[in-house]
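Overview (structure and organization)
Listed here are the chains, written in short residue letters.
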Amino acid sequence: MKPTLPTDTFNVAVLKQTANGDSQFFNMMIENFTMNAKALVEVFESGLSQKDWIEIGEKAHKAIPSFKFFKFNAISSSLAEIEDLALRKKKYEYLPDIISKTKTAILAIIKQSEAAKIVDSENE
């Protein structure tokens, strides 16, 4: 089992449609996603160092919907695989590599998400 680095691009099309022109709501949703993604990275880091596979699996499971919302299909698949390996198959030896690669991909998405906010010139 040799996981590859997930590659996704930050896609705000669904969020723009959902926000329906409300830039404050749009930015709040991006901020929430970014905060949750950063928290997931922290769980991955601490979980890896402590070998807390259950915590990692549970957090991966909870993160999947928000990554799917933004069409991060590769990361969503990786998170599902982490969840499966940690919670069902208990194949912990495969987790460090896939977690590391997924973490790298999430960090790249965090940078993109921070740049995706709408600057509202009327409120500046």
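Since the structure is predicted, the reported quantities are computational estimates derived from the model, not experimental observations. (Residues numbered from 1 in each chain as written. Predicted model: local features only at pLDDT ≥ 70, side-chain atom pairs only at ≥ 80, totals over all residues. Heavy atoms only, no water.)

Comments concerning unusual backbone geometry
One non-glycine residue, K71, lies in the positive phi region at around 65 degrees. Classification of K71 as partly exposed rests on a relative accessible area of 43%. Phi angles above zero are rare outside glycine, and K90 is one such case at about 55 degrees. Structurally, the position occupied by K90 is in the loop between α4 (73–89) and α5 (95–115). On the basis of relative accessibility, which here comes to 44%, the residue K90 falls in the partly exposed class. (Buried < 20%, exposed > 50% of the residue type's maximum accessible area, 1.4 Å probe, protein only. Helix = DSSP H or I, 4+ residues; strand = E, 2+ residues; numbered from the N terminus.)

Describing the environment of L95
With respect to the helices and strands, L95 occurs in helix α5. C-alpha of L95 to C-alpha of L85: the two residues are 10 residues apart in sequence and 7.1 Å apart in space. Excluding residues within four positions of it along the chain, L95 makes contact with W53, I82, L85 and A86. (Contact = heavy atoms within 4.5 Å.)

Looking at the UniProt feature "domain: HPt" (unreviewed entry) in the chain
Mapped onto this numbering, the UniProt entry gives "domain: HPt" (unreviewed entry) at residues 22–116. Secondary structure across residues 22–116 divides into 87% helix and 0% strand, with the first and last C-alpha atoms of the span separated by 14 Å. (UniProt positions renumbered as here; feature names shortened; annotations may be inferred.)

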